[in-house]
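# Structural features, examined
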Amino acid sequence: MKIVKIVAQVLGLVVIFFAVAMATLRFEHRNNDGPSILFPGGALVSGELHTGPEPDWSFTADIQTIELELDDSDSSRLIWIQNADGKAYVVSGYMDNFLGRLWKHWAVEADEGSGRAVLRVGDTRYERQLIRIHEGDVLDGVAESVVRKYMGGNPTPEAIAGFRAAIESGNTWAFELAPRGDS
Amino acid sequence: MSMRNYLISCAAVAVVTALAMLFVPGVSEAFEGIVLLFLSTNAS
């Protein structure tokens, strides 16, 4: 019985160590210029701000993750990026349940807030307006991009239809990274 | 270990861990690197 108590106490100390370490790291990263792989960061400061004509976002086809900052909270995170018909999109899964919305709170914030965001790709920042896409044929292109880049690279019609259905059902939220009207 | 001593140990571990992460150079980077290595090794 005594050995069980000792093991439980040691496990408790280990759990406390990891919990405090992770919480401290998250706190430490909160104002950084951009996120780390594990933790959100603060506002995106460095990098040249893009001006001029709207780019063709197909150049992101080979880019796995970008940095996305929401202006409402000045917080940034690493996120997948999709492109379809020359436009850029981001998606957020697991949005049909409480834990998913808690985990992917940025998507809730983008949907319910102003949607103003800054995107950083490489050393260039882009001011964007996040616009949620609920339905439409554009979702086929978004789904094709997700499947091709992040789900094995074989965008079969069934896989595309399945991902589009997930978006239209509300399980996955898709946002267009549209140019800001005031820029 | 008595309950009182155990609770003191827990508080000490928490405080020392937080201070080390915040103020000892390299500790937070090393810990994050270890976590990333674990995740990249074990992620399915």
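In this report, the structure presented in the accompanying data block is examined.

How each quantity is defined
- Residues numbered from 1 in each chain as written.
- Chains lettered and ligands numbered in written order.
- Predicted model: local features only at pLDDT ≥ 70, side-chain atom pairs only at ≥ 80, totals over all residues.
- Helix = DSSP H or I, 4+ residues; strand = E, 2+ residues; numbered from the N terminus.
- Buried ≥ 20, exposed ≤ 12 C-beta atoms within 10 Å, placed from the backbone.
- Pairing = 2+ DSSP bridges.
- Core = buried A, V, L, I, M, F, W, Y, C linked by C-beta atoms within 7 Å.
- Contact = placed C-beta atoms within 7 Å.
- Arc of directions from axis to C-beta.
- Axes fitted to C-alpha atoms, helices over the stretch in contact; angles between N-to-C directions.
- Parallel < 35°, antiparallel > 145°, perpendicular 65-115°, else oblique.
- Left-handed = near helix turned anticlockwise from the far one by under 90°.

### Examining the overall build of chain B
Along chain B, the regular secondary structure elements total 2 helices and 0 strands. Taking the principal axes of the C-alpha coordinates as reference, chain B spans close to 40 × 30 × 10 Å. Across the 44 residues in chain B, those meeting the buried criterion constitute 7%.

### Considerations on the pairing of strand β2 (residues 65–70) of chain A
Residue and element names in this part refer to chain A. Pairing of β2 with strand β3 (residues 75–80), which is carried by 6 bridges, proceeds in the antiparallel orientation. Bridge pairing in β3 places E69 opposite S76. From the end of β2 to the start of β3, which pair antiparallel, there are 4 residues, and D74 there has a positive phi angle of about 55 degrees. Note that β2 and strand β6 (residues 116–121) share 4 bridges and pair antiparallel. Looking at β6, one finds that E69 is bridged to V118.

### As for the pairing of strand β7 (residues 124–133) of chain A
Both faces of the sheet carry side chains from a regular strand, because those side chains alternate between them. All names here are of chain A. Where strand β1 (residues 48–49) meets β7, 2 bridges bridge the pair, whose relative direction is parallel. When the bridges of β7 are listed, E48 appears paired with T124. Sheet topology places β6 next to β7; 6 bridges connect them, and they run antiparallel. The residue bridging V121 from the neighbouring strand is T124, located in β7. The hairpin turn running from β6 into β7, its antiparallel successor, is 2 residues long, and G122 in that turn takes a positive phi close to 65 degrees. Strand direction decides the pairing type here: β7 and strand β8 (residues 173–179), joined by 6 bridges, are antiparallel. Within the sheet, the bridge partner assigned to R132 lies in β8 and is F175.

### Thoughts on the nonpolar core
Residues and elements named next belong to chain A. Ranked by internal contacts, the top residues of the largest apolar core, which has 32 residues, are Y89, V142, A174 and F175. Elements supplying a minimum of two residues to this core: β2, β5 (87–92), α3 (105–112), β6, β7, α4 (138–150), α5 (157–169) and β8. For this core, the element with the most residues is α4, which contributes 5 residues. Residues in contact with F175, not counting those within four places in the same chain, are Y89, V90, A110, L130, I131, R132 and I133.

### Here we look at α3 of chain A
All names here are of chain A. Taken as a whole, α3 has its buried residues at W106, A107 and A110. Buried residues in α3, looked at end-on, bunch into an arc of 100 degrees, giving them a common side. Looking at the buried side of α3, the elements it contacts are β2, β3, β5, β6, β7 and β8.

### Section: the packing of helix α1 (residues 2–29) of chain A against helix α1 (residues 3–23) of chain B
One can describe the packing of α1 of chain A onto α1 of chain B by two numbers: an axis separation of 9 Å at closest approach and a directional angle of 30 degrees. Judged by the inter-axis angle, α1 of chain A sits roughly parallel to α1 of chain B. Our pair here, α1 of chain A against α1 of chain B, has a crossing hand that is right-handed. Facing Q9, G12, L13, I16, F17, V20, A21, T24, L25 and E28 of chain A of α1 of chain A, the residues of α1 of chain B in contact are Y6, S9, C10, V13, A14, T17, A18, M21 and L22 of chain B.

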